[in-house]
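Coordinate analysis (summary)
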Amino acid sequence: MSAIETKELTKVYRTYKKAPGLWGAVKGLGKRDYQEVRAADGVTFSIEEGEFVGFLGPNGAGKTTVLKMLSGLLNPTSGTAQVLGFTPWERKDAMKRQFSLLMGQKNALWWDLPARESLELNRAIYGIERGSFTKIVGELTELLDCADKLDVMVRELSLGERMKMELIAALLHSPRVLFLDEPTIGLDVTSQKKVREFLRHYNGDRKIVTMLTSHYMQDIEELCARVIIIDNGRIFFDGPLSAIIDRFATHKIVGLSFANGVDCDFAGLGEIVERTPGSIRLKVPRGKVAETCREVLGACKVTDLNVEEPPVEEVIRQLFHEQEGVTAGKISQGKTSNTQHPTPNIQ
Ligand SMILES: Nc1ncnc2c1ncn2[C@@H]1O[C@H](COP(=O)(O)OP(=O)(O)OP(=O)(O)O)[C@@H](O)[C@H]1O
């Protein structure tokens, strides 16, 4: 059995749509208009023990909603899910002891207490023995390099230090499944790197199932072999990160070097993305690479030529940008984006 399995998992939020102003409030007392938001729409996937999966999508795609259902914080509208054999929204203690959800935008630690006190509270809640507690906190603080911050009030910690403490709190009971919702959000580059290194080490060591959402592509590139991409509540890609380029990249980068400086006219051959006195890099549609290379070699004195794939980060950003354009287009045409669900046009 897979560690996580969902079938047609769907969540429809029903929200009250208030007309503006005082008159709107009065009218709302009598008749209410509701709007439906289909935040997760038939989400189906499975994740095996030990996998580290990136869960990607533009803002409002439905990532947090799915993670909340998998953590038992939300009941679905329909569909099923199993986490370590449990139905999450039944909120069984046995499941609670085996998973953790860390939300980068929310605090799990007491703001006005040192982190150590919150960890002590979690120790009592999970019934962790004093000896194991001391060992686990010692190991995690050493790995995250933050032992000297355990007795500082949480509100006095920097964002990066606080996130390290949040990670320790999330891992104190040695969960088998970890849901991370933007754990590096707002962190400086050094803290992001430290958190990534820690997560890689921890997952490698413990083979813990990890699902990670992040808007920082470096997190995904460095940590996740597999990615699931969601938009408008629907999954439209599930596979190896490396396959994203094959499937979605629309162009390649052709690099050219010249002995006597760049002396050719590149108009019409492709978009120039970089230019130096002796070289040029062109963004060329995938289907035209061979033809472009032939033309350039025939017309210019080229000393070196190479063809590169675009960075995966750029491909994903472009993908999301296009998706957001599609959604914005729908809104501007007067349609409600979340109640109409054509499969994204890149399926
Ligand atoms: N409690 C709620 N009530 C009504 N609508 C909600 C609620 N929570 C989320 N939504 C809507 O559901 C959709 C999905 O939201 P969700 O937070 O799951 O997206 P997300 O992919 O996590 O986005 P982000 O990357 O911006 O955090 C959005 O349109 C959002 O406005």
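Residues numbered from 1 in each chain as written. Predicted model: local features only at pLDDT ≥ 70, side-chain atom pairs only at ≥ 80, totals over all residues.

1. Thoughts on the overall build of the protein
Which entries qualify depends on this criterion: Every helix listed is a DSSP run of H or I at least four residues long, and every strand listed is a run of E at least two residues long, numbered separately from the N terminus. Here the C-beta atoms are placed from the backbone, and a residue counts as buried if at least 20 other C-beta atoms lie within 10 Å of its own, exposed if 12 or fewer do, and partly exposed otherwise.
When you go through the protein residue by residue, the secondary structure sums to 11 helices and 13 strands. Across its three principal directions, the C-alpha atoms of the protein cover 75 × 60 × 45 Å. Counting across all 347 residues of the protein, residues that qualify as buried make up 34%.

2. Observations concerning the site of the ligand
Selection rule: Only the C-beta atom matters for nearness: placed from the backbone, it must lie within 6 Å of the molecule or strand for the residue to count as near. Here the term charged refers only to Asp, Glu, Lys and Arg, the term nonpolar to Ala, Val, Leu, Ile, Met, Phe, Trp, Tyr, Cys and Pro, and the term polar to all other amino acids, Gly among them.
Around the ligand sit 13 residues in total, of which Tyr-13, Ala-39, Asn-59, Thr-64 and Thr-65 are the nearest. Within the residue set of the shell around the ligand, elements represented by two or more residues are strand 1 (4–17), strand 2 (33–47) and helix 2 (63–70). Sort the elements by how many residues they give to the shell around the ligand and helix 2 lands first, with three residues. Taken together, the residues that form the shell around the ligand break down as four nonpolar, eight polar and one charged.

3. Re the sheet that holds strand 1
Rules: Being paired, for any two strands, means DSSP has found at least two bridges between them. Helix axes use the C-alpha atoms of the stretch in contact, all axes being lines fitted to C-alpha atoms, and the angles between their N-to-C directions lie in the range 0 to 180 degrees.
An order of 2-1-4 is seen for the three strands of this open sheet, with the pairing classed as antiparallel. Looking at strand neighbours, the two that pair on one side only are strand 2 and strand 4 (78–83), the edges of this open sheet. The average undirected angle you get between the axes of adjacent strands in this sheet is 30°. Both strand 1 and strand 2 contribute to a ladder of 11 bridges, which runs antiparallel. Looking at the pairing, Lys-17 lines up with Asp-33 of strand 2.

4. Considering the sheet that holds strand 11 (residues 271–276)
The strands making up a sheet are joined through hydrogen bonds of the backbone, oriented either antiparallel or parallel. Pairing is antiparallel in the open sheet, where four strands are placed in the order 11-12-10-13. Both edges of this open sheet fall to strand 11 and strand 13 (302–308), since each of them pairs with a single strand only. Ignoring strand direction, the axes of neighbouring strands in this sheet form an average angle of 20°. Where strand 10 (residues 251–258) and strand 12 (residues 279–285) come together, seven bridges link them in antiparallel fashion.

5. Quick look at the domain arrangement of the protein
This is how it is decided: Just so you know, the domain bounds were taken from an automatic or database domain assignment.
If you check the domain split of the protein, you get domain 1 (4–11 + 41–245) and domain 2 (250–308). Between the C-alpha centres of domain 1 and domain 2 the distance comes to 44 Å.

6. A word on helix 2
Among the eight residues of helix 2, eight are classified as buried, and the element is accordingly described as predominantly covered. Of all the positions in helix 2, only Lys-63, Thr-64, Thr-65, Val-66, Leu-67, Lys-68, Met-69 and Leu-70 are classed as buried. Just downstream of helix 2 lies Gly-72, where phi reads positive at about 80°.

7. Things to note about the nonpolar core
For soluble globular proteins, nonpolar side chains are generally found buried alongside one another. How we decide: Any set of buried Ala, Val, Leu, Ile, Met, Phe, Trp, Tyr and Cys residues joined through C-beta atoms within 7 Å is what this text calls a nonpolar core. Note on contacts: residues are paired as contacts if their backbone-placed C-beta atoms lie within 7 Å.
With 64 residues, the main nonpolar core has Val-53, Leu-70, Ile-168, Met-211 and Ile-228 as its most contacted residues. Counting residues per element, this core draws most heavily on helix 6 (residues 159–171), which supplies seven residues. Setting aside anything within four residues of it in sequence, one finds Leu-70 in contact with Ile-4, Ala-81, Val-83, Pro-88 and Phe-179. Of all hydrophobic cores here, the second largest spans seven residues; its members include Val-254, Leu-256, Leu-282 and Val-284.

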